[in-house]
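# Overview (structure and organization)
What follows is each chain in one-letter form.
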Amino acid sequence: MTEIDGFREELASIDREIMELVGRRNRIALVIGEKKAEANEEVVVPAVEKNVVRRYIDAGKISGVSAETAARIARAVIDESVDLQGRIPRRTAPRKIFIIGGNGGMGRWLSAFFAGRGHTVTINDPEPDGALYPVADISFGCRDADVIIAATPIKISAEILGTVLSENKDALIFDILSVKTPLIPVLRKAAASGAKVCSVHPMFGPNAASIAGRNIIVCSCGNDAAADEAASLFSGGTILRMEIGEHDPIAAYVLGLSHAVNLAFSGALVRSGFSSKRLSAAASTTFSRQTAVSSAVSRENAELSYSIQTENPYNEAAVQNLSDALMDLRSSPEDEFIEKIHEGAAWYQTK
């Protein structure tokens, strides 16, 4: 064994010790998570996470670890704890939940999520092959349900909700669409008639390990009690409440624009004539970070991405802002260019 081999063996031993400590930390995090679940508290507490990151940075100074590396390690162990805590079942009064579109990506996620919380799940789907939960036709499923969820394509959701409302006016009814404009007339009319309707938007995809740390937008359509009830079903996540008319203007930026930027970035790379391997070999830190996000977006549901870009009427203004900002930046003299960068940096600091 060479001297270097000896040092590598020592590093391997240290790595195992680190993993043992992470495992010990996870076990304590699970105990805390169980307490949070019992008290129906949110898993993510930003102030606590901030303290953890600060603690790692301070310890890193003593140990000779850079602040950036210490913060990355802190984020990794925090995320591990959050996912562990988020998977702890939160038992509530069992309900009969009917998910239309329950064999699609988010439909499957919701089915597993609610079943894990002790609810009885039944689904409807035009392609039921391989379904993990009982399948029923819409009429039967609606009549027997306490909660009805539409996890369907945007184009047919207004029609689906109309059918649901004709079958059951007592159940809690909501959609999970990423675009709300087509549904607003149906949902507001139903709420005005006394139906328990609202609208929900989980701001994550079906690969999410748990609900913890994920944003869930809950929109009132005129029946705040229905929105309260829907929000309680997603306890443990980070709930953001708003009126349904507020949703699409915000989603045009946090979803439509962010997707458009990443898809266009991928398109520009395809047009470059360089291979991914060639550019990645010469990648800057910024390029590596950007391609990681853009690559993930390009692998998401293409049909849903198309709907997000074309169905939200507020997307056009958001994308036009992007185009104007890009052209403005490229045509600015140096002093204005620098000022715009500073303006952007300052915007991120506003809360």
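Calculation notes
Residues numbered from 1 in each chain as written. Predicted model: local features only at pLDDT ≥ 70, side-chain atom pairs only at ≥ 80, totals over all residues. Heavy atoms only, no water. Helix = DSSP H or I, 4+ residues; strand = E, 2+ residues; numbered from the N terminus. Expected span 1.5 Å × (residues − 1). Buried < 20%, exposed > 50% of the residue type's maximum accessible area, 1.4 Å probe, protein only. Arc of directions from axis to C-beta. Contact = heavy atoms within 4.5 Å. Core = buried A, V, L, I, M, F, W, Y, C linked by side-chain atoms within 4.5 Å. Axes fitted to C-alpha atoms, helices over the stretch in contact; angles between N-to-C directions. Parallel < 35°, antiparallel > 145°, perpendicular 65-115°, else oblique. Nonpolar A, V, L, I, M, F, W, Y, C, P; charged D, E, K, R; others polar.

### A word on helix α2 (residues 46-63)
Taking 1.5 Å as the rise per residue, α2 with 18 residues should run 26 Å; its terminal C-alpha atoms sit 26 Å apart, in good agreement. Taken residue by residue, α2 has Glu-49, Val-52, Ile-57 and Gly-60 as its buried positions. Down the axis, α2 shows its buried residues gathered within 135° of arc, on one side only. In this structure, α2 carries Ala-47, Lys-50, Lys-61 and Ile-62 as exposed residues pointing more than 90 degrees from its buried face. Next to the buried residues of α2 lie α1 (3-39) and α3 (67-86). One or two positions beyond α2, positive phi appears at Gly-64, with a value near 80°.

### Re the nonpolar core
Phe-98, Ile-100, Ile-148, Val-164, Ile-173, Leu-187 and Val-197 are the most contacted members of the largest nonpolar core, which totals 29 residues. For this core, the secondary-structure elements that each account for two or more residues are β1 (96-100), α5 (138-143), β3 (147-150), α6 (154-167), α7 (184-192) and β6 (215-220). With 5 residues, α6 is the largest single contributor of residues to this core. Apart from residues lying up to four places away in sequence, Val-164 is in contact with Ile-100, Cys-142, Ile-148 and Ile-173. Grouped together as the second largest cluster of nonpolar side chains are 28 residues, Ala-151, Phe-174, Phe-204 and Ile-211 included.

### Things to note about the packing of helix α9 (residues 244-272) against helix α11 (residues 285-298)
One way to put it is that α9 packs onto α11 with a least axis distance of 9 Å and a crossing angle of 105°. The angle between α9 and α11 falls in the class roughly perpendicular. Contacts between α9 and α11 pair His-259, Asn-262, Leu-263, Phe-265, Ser-266 and Leu-269 from the former with Phe-287, Gln-290, Thr-291, Val-293, Ser-294, Val-297 and Ser-298 from the latter. In the contact of α9 with α11, the residues fall into 6 nonpolar, 7 polar and no charged.

Honestly, that's just the spatial picture; any functional story needs more than this.
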